[in-house]
Amino acid sequence: MWKSVGAVALVLACWMASTSARAGDIECKMDFHLSGWSVFYQTATGSGTVHCSNGQSMGVHIRVKGGGLTFGKNEIDHGIGKFSGITSISEIKGHYADAGVHAGASKSAGARVMTKGNVSLALSGTGKGWDLGVAFGAFILE
């Protein structure tokens, strides 16, 4: 009897390990550079490279489009993005909903979190420039 209980426990433990560490649960991080401006309309472009825990990597082109009560010009060097909810590197591309209040002058640092369905992207970085306002728009990875 104890052998069958042990076998069931072993099967259950293996099943739990496989569901908590599914092949689809991968960590992906992005290094990026972004620069842009805003006068009511907000636009920025940049590029980055995504590296995932499963060894995959991909170069991406970044576009930011939006509007609101916003004015400024800025540049982010050595930005970092962390994705969550990723099951495949191909899921990182697309339009992420973006909204925020921002203010900065000279050198500044910031962080944002945005979503695209089940996928979330947290951005952080330091940069230079000046900006002030409230903006809504899209953060696009191509």
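Every chain begins its residue count from 1, and numbering advances along the sequence as written. Residues qualify for local features only when their pLDDT is at least 70, as the model is predicted, and side-chain atom pairs are given and counted only at 80 or more; totals for whole chains, interfaces and linings, by contrast, use all residues. Side-chain metrics in this entry use all non-hydrogen atoms of the structure; hydrogen atoms and water are not considered.

**Concerning a nonpolar patch on the surface**
Patch membership requires over 30% relative accessible area and the absence of a salt bridge. Like charges are linked within 9 Å, and nonpolar side chains (Val, Leu, Ile, Met, Phe, Trp, Tyr) within 5 Å. In these tables, accessible area is a Shrake-Rupley quantity obtained with a 1.4 Å probe, and a residue counts as shielded only by the protein chains included in the view. Salt bridges are defined as contacts in which a side-chain nitrogen from Lys or Arg sits within 4 Å of a carboxyl oxygen from Asp or Glu. A cluster of nonpolar side chains, contributed by Trp37, Val39, Phe40, Tyr41, Leu69, Phe71 and Trp130, occupies part of the molecular surface with about 780 Å² of accessible area. Broken down by secondary-structure element, the contributors of at least two residues to the nonpolar patch are β1 (28-52) and β2 (57-84). We count a stretch as a helix when DSSP gives it H or I for four or more residues in a row; a strand needs E for two or more, and each element gets its number in order from the N terminus. Take the nonpolar patch: its biggest share by element is four residues, from β1. One can find Val39 in strand β1.

**Details of the nonpolar core**
With 23 residues, the main nonpolar core has Met30, Val50, Phe83, Tyr96, Leu121, Phe139 and Leu141 as its most contacted residues. Of all the secondary structure elements, the ones that give two or more residues to this core are β1, β2, β3 (94-116) and β4 (119-141). Here this core gets seven residues from one element, more than from any other, and that element is β1. Excluding residues within four positions of it along the chain, Tyr96 makes contact with Phe83, Glu91, Met114, Thr115, Lys116, Val119, Leu121, Gly137, Ala138, Phe139 and Leu141. Definition used in this section: a nonpolar core is a set of buried Ala, Val, Leu, Ile, Met, Phe, Trp, Tyr and Cys residues joined via side-chain atoms within 4.5 Å. Think of it in three bands: residues with accessible area under 20% of the maximum for their type are buried, residues over 50% are exposed, and the middle band is partly exposed, with areas taken using a 1.4 Å probe on protein chains only. Contact between two residues is taken to exist if any of their heavy atoms lie within 4.5 Å; hydrogens are not considered.

**Quick notes on the pattern of salt bridges**
One pass over the full model with this rule turns up one salt bridge. Note that Arg63 and Glu142 form a salt bridge whose closest N and O atoms lie 3.0 Å from each other. Of this pair, Arg63 sits in strand β2 while Glu142 sits in the segment after β4, and the two are 79 residues apart along the sequence. With a relative accessible area of 25%, Arg63 lands in the partly exposed category.

**Section: the pairing of β1**
Of the pairings in the sheet, the one linking β1 to β2 comprises 22 bridges and is antiparallel in character. From the neighbouring strand, Trp37 faces β2, where its bridge partner is Lys73. Hairpin connection from β1 to β2: four residues lie between these consecutive antiparallel strands, with Gly55 at a positive phi of about 95°. We treat two strands as partners when DSSP finds at least two bridges between them.

**A closer look at the confidence of the model for the protein chain**
Scored from 0 to 100, pLDDT reflects the predictor's confidence in each residue. Here the protein chain shows a mean pLDDT of 78. Residues at 70 or above account for 74%. Across the protein chain, the secondary-structure element scoring lowest on mean pLDDT is helix α1 (residues 2-20), at 37, and the one scoring highest is β1, at 90. Low confidence marks residues 1-23, where pLDDT is under 50. Its contacts with residues over four positions away, or in another chain, come to one contact.

**Quick notes on unusual backbone geometry**
One non-glycine residue, His78, lies in the positive phi region at around 55°. Within the secondary structure, His78 sits in strand β2. Take His78: its relative accessible area is 73%, and that puts it in the exposed class.

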